[in-house]
Structures are given as structure tokens and as C-alpha cells.
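The chain contents come next:
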Amino acid sequence: MPRQVNACSLQYEYIIPADKSAPTYASQCKNLTQAKKDIPELKQVHSQVLQQTLKRLQLAFKGMWGIRHD
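Caption draft 1: Molecular detail of the environment of K55. With respect to the helices and strands, the residue K55 is situated in helix α2 (residues 47-64). Since its relative accessible area comes to 39%, K55 is described here as partly exposed. Sequence separation of K55 and C29 is 26 residues, and the distance between their C-alpha atoms is 9.5 Å.

Structure (C-alpha cells):
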């Protein structure tokens, strides 16, 4: 069943516990490797597109948490 882009899945979404560190670009790239194994559809997207998306996500996290963009 296709997932809508305007909805969060209760099965796949999570909240970061207070005692865990925030995800970084490097940790997300590492997770992407496993995600591509678990979700075959991700293999259809060029790796640079996925990496650029993770960079934008990192900037969004920094903005949300009030961290300076270097």
C-alpha cells in the first residue's frame, strides 16, 4: 500500500527519547544503508538524491533545535 507524503506512519515514525542524541547527517547516512536493504523501493532513488535530502534534514533539525548552521 503506498504511503502518503502528508501523513506519518505509526509503524515507522518515532520520537527521539530525551536520553538519546539527536540524529546527525553521518548517523542518518549509516541508517540509510540499512534502510535500502529493508525497503527495496529506496534502491530506485539515486544515492546522491537521498544524501542531499539527509543534508536538508540535518539543516532542518539544526533550525528546529536552535543550533547554529556552520
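Back to the text.
Caption draft 2: Structural detail: a nonpolar patch on the surface. A surface patch of nonpolar side chains, amounting to about 320 Å² of accessible area, comprises M64, W65 and I67. If you trace the backbone, W65 turns up in the segment after α2. Assessed through its relative accessible area of 38%, W65 is described here as partly exposed.

Caption draft 3: Structural detail: the packing of helix α1 (residues 25-38) against α2. α2 packs onto α1 with a crossing angle of 140° between their chain directions and a minimal axis gap of 10 Å. Considered as vectors, α1 and α2 are oriented oblique to each other. The handedness of the crossing between α1 and α2 is right-handed. Contacts between α1 and α2 involve Y25, Q28, C29, L32 and K36 on the former and, on the latter, S47, L50, Q51, L54, K55, L57, Q58 and F61. Looking at the contact of α1 with α2, its residues break down into seven nonpolar, four polar and two charged.

Caption draft 4: A look at the environment of A22. Counting through the fold element by element, A22 comes out in the segment before α1. On the basis of relative accessibility, which here comes to 34%, the residue A22 falls in the partly exposed class.

Caption draft 5: Spatial organisation of α2. Between its first and last C-alpha, α2 extends 26 Å over 18 residues, near the 26 Å set by a 1.5 Å rise per residue. Looking at α2, one finds that the buried residues are L50, L54, Q58 and F61. Buried positions in α2, seen along its axis, are confined to an arc of 90° and lie on one side of it. More than 90 degrees from the buried face of α2, the exposed residues found are Q48 and R56. At its buried positions, α2 is contacted by α1.

Analysis parameters
Residues numbered from 1 in each chain as written. Predicted model: local features only at pLDDT ≥ 70, side-chain atom pairs only at ≥ 80, totals over all residues. Heavy atoms only, no water. Helix = DSSP H or I, 4+ residues; strand = E, 2+ residues; numbered from the N terminus. Buried < 20%, exposed > 50% of the residue type's maximum accessible area, 1.4 Å probe, protein only. Patch = residues over 30% accessible without salt bridge, like charges linked within 9 Å, V, L, I, M, F, W, Y side chains within 5 Å. Areas by Shrake-Rupley, 256 points an atom, 1.4 Å probe, with all protein chains shown as cover. Salt bridge = Lys/Arg side-chain N within 4 Å of Asp/Glu carboxyl O. Axes fitted to C-alpha atoms, helices over the stretch in contact; angles between N-to-C directions. Parallel < 35°, antiparallel > 145°, perpendicular 65-115°, else oblique. Left-handed = near helix turned anticlockwise from the far one by under 90°. Contact = heavy atoms within 4.5 Å. Nonpolar A, V, L, I, M, F, W, Y, C, P; charged D, E, K, R; others polar. Expected span 1.5 Å × (residues − 1). Arc of directions from axis to C-beta.

Honestly, it's all geometry; don't read function into it.
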